[in-house]
Amino acid sequence: MPAKGKHRRPKPQRFTRSIAVAGTGGAALALPLMGATGAHAATATSAPEKAVQSVPAAEKTVSEKSTAAKSARVTTYSVKSGDYLSKIAEEQDVTGGWKKIYQDNREAIGGNPSLIHPGLKLSLREKAATSGTDTTKSSTSSGTSSSSSSSSSSSKESSATQSADTTSTSTGYGLPVTGATIGTGYRVAGSMWSSGYHTGVDFVVPTGTTIKAIAAGTVVSAAYDGAYGNEVVIRHADGQYSQYAHMSQLSVSAGQTVTEGQQIGLSGATGNVTGPHLHFEIRTTPYYGSDVDPVAYLRSHGVTVG
């Protein structure tokens, strides 16, 4: 029996060693767990880093929006000689065009938007620049936008060309205004005219409409002339003279050479009138009383009237 007892004692020792092995194995198994814990810790640490990295992007967006807002700032413009609201709106890229300028400066300009004088201070609201958010669009969107912009530009150019074709001919003559109808015709009798009849034709247009030279020539006069108000008289190559009256603004001066279709002023209601329109005459001299039929004259040069 004692021998048997001695034979059994080594078993617990082997069991102990196996526990130690197991313990060693447990320690080995613990290593992956520690590794996993470390991995989770790394993930937790990376989140704040991403959050920190996102701050500059947010600040950049705010900065871009702020820049876009500032680009729509209001500026002060000093009127120069020869200026008119539509010209200022186009040159200064004003949101809303000349009507917006007039609306924002009505108190300074007064009741007639066509009567502005050099030195007048106007508040202009420039168009806002493209915001930074537009730059986040995909390349596909950008391509589509560019294509649409190109198509729109082509359409505008085509429309402009068509519009020019309706007022100008290859003969170098055109209408003094675009798309206007004739109100009072030539030689209509009436006691309101000193000659007893109408010496020209009246094109019905609102104040501020662009008035153009019907053909190339030299400006003989550009000034205020009593009942005709602000008028321009131009001598053409064939020796005839064209007269444009009741304008709100003059864009040319005496002695200046002009080309066909060049702007010479804006329509208005100056002088002896009952409303805004363009009084247009063709004369054999620069003076009143030498009038000829203006419609027949334009048609003889290939211009379609009415």
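Refer to the structure printed above.
Here goes a summary of the coordinates provided. This one's a predicted model, so the numbers in the text were calculated from it and none came from an experiment.

Criteria and thresholds
- Residues numbered from 1 in each chain as written.
- Predicted model: local features only at pLDDT ≥ 70, side-chain atom pairs only at ≥ 80, totals over all residues.
- Heavy atoms only, no water.
- Pairing = 2+ DSSP bridges.
- Helix = DSSP H or I, 4+ residues; strand = E, 2+ residues; numbered from the N terminus.
- Phe/Tyr/Trp six-rings, centres within 6.5 Å; stacked < 30°, edge-to-face > 60°.
- Buried < 20%, exposed > 50% of the residue type's maximum accessible area, 1.4 Å probe, protein only.
- Lys NZ or Arg CZ within 6 Å of the ring centre and 35° of its normal.
- Contact = heavy atoms within 4.5 Å.
- 1 Å grid on protein atoms, 1.4 Å probe; cavity = no way out; pocket = protein on both sides within 12 Å on 5 of 7 lines; lining within 4 Å.
- Points joined across faces, edges and corners; volume = space filled by probe spheres on them.
- Nonpolar A, V, L, I, M, F, W, Y, C, P; charged D, E, K, R; others polar.
- Salt bridge = Lys/Arg side-chain N within 4 Å of Asp/Glu carboxyl O.

1. Some remarks on the sheet that holds strand E9 (residues 249-250)
Turning to step 1, where the next piece is worked out: Read across the sheet, three strands follow the order E5-E11-E9 without closing on themselves; strand pairing throughout is antiparallel. Of all strands in the sheet, those with a lone pairing partner are strand E5 (210-212) and E9, marking the two edges.
Turning to step 2, where the next piece is worked out: Relative to strand E11 (residues 263-266), E5 runs antiparallel, the two being bridged by three bridges. Its bridge partner being in E11, Ile211 is matched across the sheet by Gly265.

2. So, the packing of aromatic side chains
Aromatic rings considered in pairs are described by the distance between their centres and by the relative angle of their planes.
Turning to step 1, where the next piece is worked out: Applying the stated criterion across every chain yields a total of four aromatic pairs.
Turning to step 2, where the next piece is worked out: A ring pair is formed by Tyr173 and Tyr297, whose centres lie 6.0 Å apart and whose planes are at 75 degrees; its orientation type is edge-to-face. Within this pair, whereas Tyr173 is found in the loop between helix H6 (139-167) and strand E3 (181-182), its partner Tyr297 is found in helix H7 (residues 294-300), the two being separated by 124 residues in sequence.
Turning to step 3, where the next piece is worked out: Classification of Tyr297 as buried rests on a relative accessible area of 8%.
Turning to step 4, where the next piece is worked out: Three or more aromatic residues joined by ring pairs make a cluster, and in this case those are Phe203, Tyr244 and Phe280.
Turning to step 5, where the next piece is worked out: Directly above the ring of Tyr197 sits Arg187, whose terminal nitrogen or CZ lies 4.1 Å from the centroid.

3. With respect to unusual backbone geometry
Turning to step 1, where the next piece is worked out: Its identity is not glycine, yet Asp93 carries a phi of approximately 55 degrees, on the positive side.
Turning to step 2, where the next piece is worked out: Examined against the element boundaries, Asp93 turns out to sit in the loop between helix H3 (85-91) and helix H4 (97-104).
Turning to step 3, where the next piece is worked out: Overall, Asp93 belongs to the partly exposed group, its relative accessible area being 41%.
Turning to step 4, where the next piece is worked out: Phi is positive for Arg187, which is not a glycine, with a value near 60 degrees.
Turning to step 5, where the next piece is worked out: The topology assignment puts Arg187 in the loop between E3 and strand E4 (201-204).

4. Section: the side chain of His277
Turning to step 1, where the next piece is worked out: If you trace the backbone, His277 turns up in the loop between E11 and strand E12 (278-283).
Turning to step 2, where the next piece is worked out: Setting aside residues up to four positions removed in sequence, His277 forms contacts with Asp202, Phe203, Val205, Ala245, His246 and Gly268.

5. Structural notes on the layout of surface pockets
Turning to step 1, where the next piece is worked out: The computed volume of the largest pocket comes to approximately 560 Å³.
Turning to step 2, where the next piece is worked out: Considering the residues around the largest pocket, the lining is formed by 22 residues, among which Met192, Trp193, His198, His246 and Asn272 are closest to the centre.
Turning to step 3, where the next piece is worked out: In terms of residue class, the lining of the largest pocket is made up of nine nonpolar, twelve polar and one charged.

6. With respect to the pattern of salt bridges
Turning to step 1, where the next piece is worked out: Using the criterion set out here, one finds two salt bridges in the structure.
Turning to step 2, where the next piece is worked out: Notably, a salt bridge pairs Lys100 with Asp104, separated by 3.3 Å at the nearest N-O pair. In this pair, Lys100 and Asp104 both sit in helix H4, four residues apart, roughly one turn of the helix.
Turning to step 3, where the next piece is worked out: Looking at Asp104, the relative accessible area reads 34%, which means it is partly exposed.
Turning to step 4, where the next piece is worked out: Across the salt bridge formed by Glu281 and Arg283, the nearest N and O atoms sit 2.8 Å from each other. The pair formed by Glu281 and Arg283 is uniform in burial state, with each residue classed as buried.

7. Observations regarding the pairing of strand E2 (residues 121-125)
Turning to step 1, where the next piece is worked out: Where burial is concerned, the two faces of E2 differ: the one with Leu122 and Leu124 is buried and the one with Lys121, Ser123 and Arg125 is not.
Turning to step 2, where the next piece is worked out: Relative to E2, strand E1 (residues 74-78) runs antiparallel, the two sharing five bridges. Its bridge partner lying in E2, Thr76 is registered against Ser123.

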